Amino acid sequence: MVTLTINGRPVTTTVANDTPLLWLLRDQLELTGTKFGCGSGICGACTVLVNDEAIRACSVTVASLADAQIVTIEGLAGEGRVQQPDSLAEQVIAAWIAEQVPQCGYCAPGLIIATVALLRRTPHPSDDDIDAAITNLCRCGTYPRIRKAIHRAASALPQSSHAQSPHGTPPAP
Amino acid sequence: MSPLINLSRRAVLKGSGALILGFHLPFLPVPAAMAGSSPMAINAWLKMSSDTVAVIVARSEMGQGVFTTLPMLVAEELDVDWQTVRAEMAPLDPVYANPLLGSMKTGNGTSLASGFLPLRQAGAAARLMLMAAAARIWRVPLTELTATAGVVGHAPSDRQASYGALAGLAGRQPVPPDPPLRDPTTWTLIGRSPPRLDSPAKVIGQATFGVDVRLPNLLHAAIRHCPVLGGTLGKIDDSALKAKAKDKERSPTGYRPGVIAVVPLTNAVAVVAESWWQAQTALADIAVSWNEGANADLTSASLDSALTKALDTTDSHAIAIAVSHGDADHAIAGAARVVEAVYHQPFLAHAPLEPMSATASVTATGCTLWLPTQDQEQYAKLLPPLLGLKPSQITVNTTFLGGSFGRRLESDFGIQAALLSKAVGRPVRLVWSREEDIRHDFYRPASVSRVTVGLDAADRLIGWRHRIVAPSILARVDPGALKNGLDSAMIAGLDDQSYALPALLIDSVRRDTGVPVGFWRSGWHSNNAFSTESMIDEVAAAIGRDPGHLRRTLLTDVPRTLGVLDLVIARAHWDRPLAPVTGGRRGRGLALHQAFGSVVAEVAEVTVFDDGRLRVDRVVAVVDCGLVVHPDVVKSQIEGAILFGLSAALTGEITFDKGQVLQSNFHDAKALTLAEAPTIEVYLVESREAPSGVSDAGTPPIAPALTNAIFDATGQRLRRLPVADHDLRAQ
Ligand code: FES
Ligand code: FES
């Protein structure tokens, strides 16, 4: 039995300790915005925030997350949102729509989370920063638009101040 | 609003609240399969409520934008605010058959082509019926009414009513047989780029894909196929899954907690459990023996040599001649110069980001599927004999497709889900692991092509001979279409190529390999564009001509293709030298191809570093796809098609040993990443011709554009894909 904090709420689970977080989210909690793409930590479709870091939920076990703050796409947007409406996540999501990024859209939640984590640390990333940080796969080939959307979201952030984390932890240097 | 409207509104909405308008457009072609089965060949459905207009979309949304572009066609003629339009997926029903494909199917770049007229007509007819309804309520002549932005108005009496308020009565008006369509100069949606209707749900994780289907009482399944392609299940030993003594009470099935059933299938074993992870881990604990069958010795080397050997066949019964005009053999025999090359292309996986998945609920009286599929109708044919049901008892609900690229034309995962649900008597959601997806695909066929070109003393092309050897897709999916056992479909893109060639001989040789093959984005065009567009480049090099300008001289009689070529030459600054880089060599390559009614030309720019690394810097594409309904969707599809094809050309290759696929996940079946993606510019040719296919048409030119660019940079001619198999270090 493990208790985790998911989207601001404590969740107690009885799944086997070695169950990857992804399957707790998808099958037990029905938080299906976190997608399954490879199960091996490669594609990033399952990316969630763990203590504000982008983590691949298929590759971390439930047991390892007992003290962690986990935020899924449902926690960033929509009814289960745990952030303020004008948060960084809203900017990223708005940029995804403005640049008409999604084709099939299966990669979008994971990429949006990865982008939120990037912009929290590096509010105005260079193309090289983006290349290094965003390793999620998009088989539909929306990469040129992903890049534009990240720049668009970044340009909507204030130049000087840092993006606020939902949990009050300061952004990493 | 006047009191009269409120009255009428109440009257109309008294029934259901949301009313359905159906259209019978009898002047449209009715597919043969439908003839006689349905007296009401309804071509489009529109649901209206007071504040939204739902357009039923009868094509699967896999990223190509049909949830936006098809509703645009209806909305344009209906004259409604785009903000009020919603897209809704059609259920399986003969009325939703694709007139160009003969069944409810999505593919071949036909969605817009088949919908362009009927969906506008449906919108126009609906608008007239709404006006007719208002005319009856207000007792005014139709000619005094306007209908715009979702509102019918009568200026003389200053009355207005929303479409939604009129919908119920409108649905009972006679259907105008030949509604006039708007003058294209007055279009307000077509040709613009309104926001995609599917994006908002997708970006917040609320869109339902195949893996996301939720049902009460749902169980989860994982599957493991016979590792040898074509092999079958032998014996299962699931003793390791049996419940330990302490768990016995909690386990009515006798298996360890969570595991519900182990289900044998013809070529696989599946575990059904309370969660997918339990099912997947249980699979690993089952010992299975397989009947490996005829493919147990198959290797990539044996496949390649079988295909290559067949290039030289002289058995006329093995050769399907597709095009023969002039005497190419004679022209080549008498040529002053002959250029000949053999091109090898590998098997390729589709690997959409969402792995194969399907959810089924089978009872004694019916089977309902929820799944991402490009071909709904096949299940009504395939499932009844397996389940003991009638075709009318099969219901198919289509979810969003997390990519497809042709993979979800296949029926395998949907059938498996239905058999599993039947076996356990509860709804089951089956999700394949990525490993199963990579290892049990219907692969893009490998091919070996030989192209021989004869030139006269003045370096004019006088003969072209082209042979493709490959395994047949038709032999599996539509054996009736084979002619004398030959698959002539594999020459797609060769028979209608545009170059002026006085003597031409195109043929194909079918060599089945035991590897399951299927349609992959653009089908055979991907194989055939590579061999053709590589050869044109080889000829140009052999005679010292610029490959862009050589193509021009061969296209003088084909103004549409020439226009595309000229535009790409201009936009890519083809005639300007590339800026040099230190430590590397730069090059530019061009390819063009016609497919699915569209012409696409692409120029790739590359840098080949001295240490052998390759960087694709930029791709410029020009597209003539007829009338452009949604420019931004077209551009995004071309971007995607280029990157999909580029990913395959750079690293894509499925290889075999002992009948098994050697790749298993994205670490060895690599997919292009953001850091590797070039800048892409897409230019669209203005056209008033009917819209043609886009998302397939962008893929074929990129592989030859890439290898032509590598040749330009290095002098190395790559005749075997993928590029990653070659050493590009400076000599
Ligand atoms: S599913 Fe987790 S990285 Fe691919
Ligand atoms: S949009 Fe389909 S995988 Fe990215």
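Residues numbered from 1 in each chain as written. Chains lettered and ligands numbered in written order. Predicted model: local features only at pLDDT ≥ 70, side-chain atom pairs only at ≥ 80, totals over all residues. Heavy atoms only, no water.

## Considering the overall build of chain B
Each helix and strand counted, chain B has 17 helices and 27 strands in total. Taken against the 2.2 N^0.38 rule, which gives 27 Å for 731 residues, the C-alpha radius of gyration of chain B at 28 Å falls within 12% of a compact globule. Over its C-alpha atoms, taken along the principal directions, chain B stretches across nearly 85 × 80 × 55 Å. Here chain B holds 731 residues, and 59% of them are scored as buried. In chain B, the proportion of contacts linking residues at least 24 apart, taken out of those at least 6 apart, comes to 75%. If you sum the accessible surface of chain B, you get close to 27,400 Å²; carbon and sulfur atoms cover 53% of it. Taken together, the 67 basic and 71 acidic charged side chains of chain B have centroids lying 6 Å from each other. (Helix = DSSP H or I, 4+ residues; strand = E, 2+ residues; numbered from the N terminus. Rg over C-alpha atoms; globule rule 2.2 N^0.38 Å. Buried < 20%, exposed > 50% of the residue type's maximum accessible area, 1.4 Å probe, protein only. Contact = heavy atoms within 4.5 Å. Areas by Shrake-Rupley, 256 points an atom, 1.4 Å probe, with all protein chains shown as cover. Lys, Arg positive; Asp, Glu negative; His and termini not counted. Charge placed at Lys NZ, Arg CZ, Asp CG, Glu CD.)

## Details of the pattern of salt bridges
According to the stated counting rule, one finds 47 salt bridges over all chains in the structure shown. Residues R214 of chain B and E30 of chain A are paired through a salt bridge, measuring 4.0 Å at the closest nitrogen-oxygen approach. With one member in each of two chains, R214 of chain B in the loop between helix 5 (199–203) and strand 8 (219–225) and E30 of chain A in the loop between helix 1 (21–28) and strand 3 (47–50) form a pair that bridges those chains. By relative accessible area, which is 42% here, R214 of chain B ends up partly exposed. R467 of chain B is the salt-bridge partner of D507 of chain B, the closest N and O atoms lying 2.8 Å from each other. (Salt bridge = Lys/Arg side-chain N within 4 Å of Asp/Glu carboxyl O.)

## Some points on helix 3 (residues 111–138) of chain B
An α-helical segment advances 3.6 residues per turn. Residues three or four places apart therefore align on the same side. Residues and elements named next belong to chain B. In this model helix 3 runs 39 Å from its N-terminal to its C-terminal C-alpha over 28 residues, within 8% of the 40 Å that 1.5 Å per residue would give. Burial runs high along helix 3: 22 of the 28 residues are buried. A positive phi of about 55° marks R139, the residue just after helix 3. (Expected span 1.5 Å × (residues − 1).)

## Structural notes on the interface of chain B and chain A
It is common to report an interface's size as the accessible area lost on association of the parts. Each side of the interface is counted separately: chain B has 59 residues, and chain A has 46 residues. For the pair chain B and chain A, the summed buried area comes to about 4,200 Å², and 60% of that belongs to carbon and sulfur atoms. If you sort the residues of chain B by the area they bury against chain A, V203, L353 and L674 of chain B come out on top, with a joint share of 20%. Run the count over chain B and chain A and you get six salt bridges. Between E639 of chain B and R145 of chain A there is a salt bridge, with its nearest N and O atoms 2.7 Å apart. Connecting chain B to chain A are 20 residue pairs in polar contact (both at pLDDT 80 or more). Those elements that provide at least two residues to the side of chain B that touches chain A are helix 5, helix 6 (276–284), strand 18 (428–431), helix 11 (434–439) and helix 16 (631–651) of chain B. (Buried area = accessible area lost by both parts, 1.4 Å probe. Polar contact = N/O pair within 3.5 Å; in protein donor to acceptor, adjacent residues only side chain to side chain.)

## Quick look at the sheet that holds strand 2 (residues 9–13) of chain A
Residues and elements named next belong to chain A. On the basis of which strands lie adjacent, the open sheet formed by five strands has the order 2-1-5-3-4 and mixed pairing. The sheet is open, and its two borders are formed by strand 2 and strand 4 (53–56), each paired with just one other strand. This sheet shows a mean twist of 40° between the axes of neighbouring strands, independent of strand direction. Of the strand pairs in this sheet, strand 3 and strand 5 (residues 69–71) are connected by two bridges, and their pairing is antiparallel. (Pairing = 2+ DSSP bridges. Axes fitted to C-alpha atoms, helices over the stretch in contact; angles between N-to-C directions.)

## Section: the domain arrangement of chain B
All names here are of chain B. By the assigned domains, chain B splits into domain 1 (9–192), domain 2 (210–293 + 356–431) and domain 3 (303–346 + 444–725). Distance between the C-alpha centres of domain 1 and domain 3: 41 Å. Here domain 1 and domain 3 share zero salt bridges between them. The interface formed by domain 1 and domain 3 contains two residue pairs in polar contact (both at pLDDT 80 or more). Among the secondary structure elements, those contributing two or more residues to the side of domain 1 that touches domain 3 are helix 2 (66–78) and helix 3. With four residues, helix 2 is the largest single contributor of residues to the side of domain 1 that touches domain 3. (Domains from an automatic or database assignment.)

## Looking at the pairing of strand 24 (residues 614–624) of chain B
Working note: regular strand, side chains alternate between the two faces of the sheet. Residue and element names in this part refer to chain B. Within strand 24, nine of the eleven residues are buried, leaving the element largely enclosed by the surrounding structure. Pairing between strand 23 (residues 598–609) and strand 24: ten bridges, direction antiparallel. Counterpart to V603 in the pairing with strand 24 is V620. From the end of strand 23 to the start of strand 24, which pair antiparallel, there are four residues, and G612 there has a positive phi angle of about 100°. Relative to strand 27 (residues 679–684), strand 24 is paired through six bridges, and the arrangement is parallel. Across the sheet, residue V619 finds its bridge partner in strand 27, namely I680.

## Brief notes about the domain arrangement of chain A
Residue and element names in this part refer to chain A. Each assigned domain of chain A is listed here: domain 1 (2–76) and domain 2 (87–155). Here the C-alpha centroids of domain 1 and domain 2 sit 20 Å apart. The interface is formed by 18 residues belonging to domain 1 together with 15 residues belonging to domain 2. Where domain 1 abuts domain 2, roughly 1,400 Å² becomes buried across the two surfaces, and 62% of that area is made up of carbon and sulfur atoms. Our enumeration of links across domain 1 and domain 2 arrives at two salt bridges.

## A look at unusual backbone geometry
Residues L721 of chain B and P722 of chain B are joined by a peptide bond in cis, for which omega reads 5°. Mapped onto the secondary structure, P722 of chain B falls in the segment after helix 17 (702–714).

## Concerning helix 13 (residues 525–543) of chain B
All names here are of chain B. End to end, helix 13 covers 27 Å across 19 residues, agreeing with the expected 27 Å (1.5 Å per residue, within 8%). The buried fraction of helix 13 is high, at 17 of 19 residues. Two residues or fewer after helix 13 comes G544, characterised by a positive phi angle close to 70°.

## Comments concerning the nonpolar core
Judged by nonpolar contacts, the single largest core of 278 residues is most densely connected at L21 and W96 of chain A together with V152 of chain B. In terms of residues, this core owes the most to one element, helix 3 of chain B, which gives eleven residues. In this structure, W96 of chain A is in contact with V101, P102, A108, L111, I112, T115, I146, A149 and I150 of chain A together with V203 of chain B, ignoring residues within four places of it in sequence. (Core = buried A, V, L, I, M, F, W, Y, C linked by side-chain atoms within 4.5 Å.)

## Section: the confidence of the model for chain B
The predicted model of chain B has a mean per-residue pLDDT of 91, with 93% of residues at 70 or higher. This complex was scored by the predictor with a pTM of 0.93 and an ipTM of 0.92. (pLDDT = per-residue confidence, 0-100.)

## Some details on the confidence of the model for chain A
For chain A, per-residue confidence averages 90 on the pLDDT scale, and residues scoring 70 or more make up 88% of the total. Across residues 161–173 of chain A, where pLDDT falls below 50, the model places 17 contacts with residues more than four positions away in sequence or in other chains.

## Section: the side chain of S636 of chain B
Take S636 of chain B: it is sitting in helix 16. If sequence neighbours within four positions are ignored, S636 of chain B has contacts with Q103 and R145 of chain A.

## Section: the packing of aromatic side chains
Under the definition given, this model contains twelve aromatic pairs over all chains. Judged by centre distance (5.2 Å) and plane angle (45°), the rings of F36 of chain A and W276 of chain B are tilted. Of the two residues, F36 of chain A sits in the loop between helix 1 and strand 3 while W276 of chain B sits in helix 6, which places them in two different chains. For the pair formed by F36 of chain A and W276 of chain B, the shared burial category is buried. Here the aromatic cluster, defined as three or more aromatic residues joined through ring pairs, consists of Y106 of chain A together with F67, F209 and F400 of chain B. One Lys or Arg, R521 of chain B, reaches over the ring of F644 of chain B and ends 5.5 Å from the middle of that ring. One residue, R717 of chain B, lies across the ring of F711 of chain B, its end atom 4.1 Å from the ring centre. (Phe/Tyr/Trp six-rings, centres within 6.5 Å; stacked < 30°, edge-to-face > 60°. Lys NZ or Arg CZ within 6 Å of the ring centre and 35° of its normal.)

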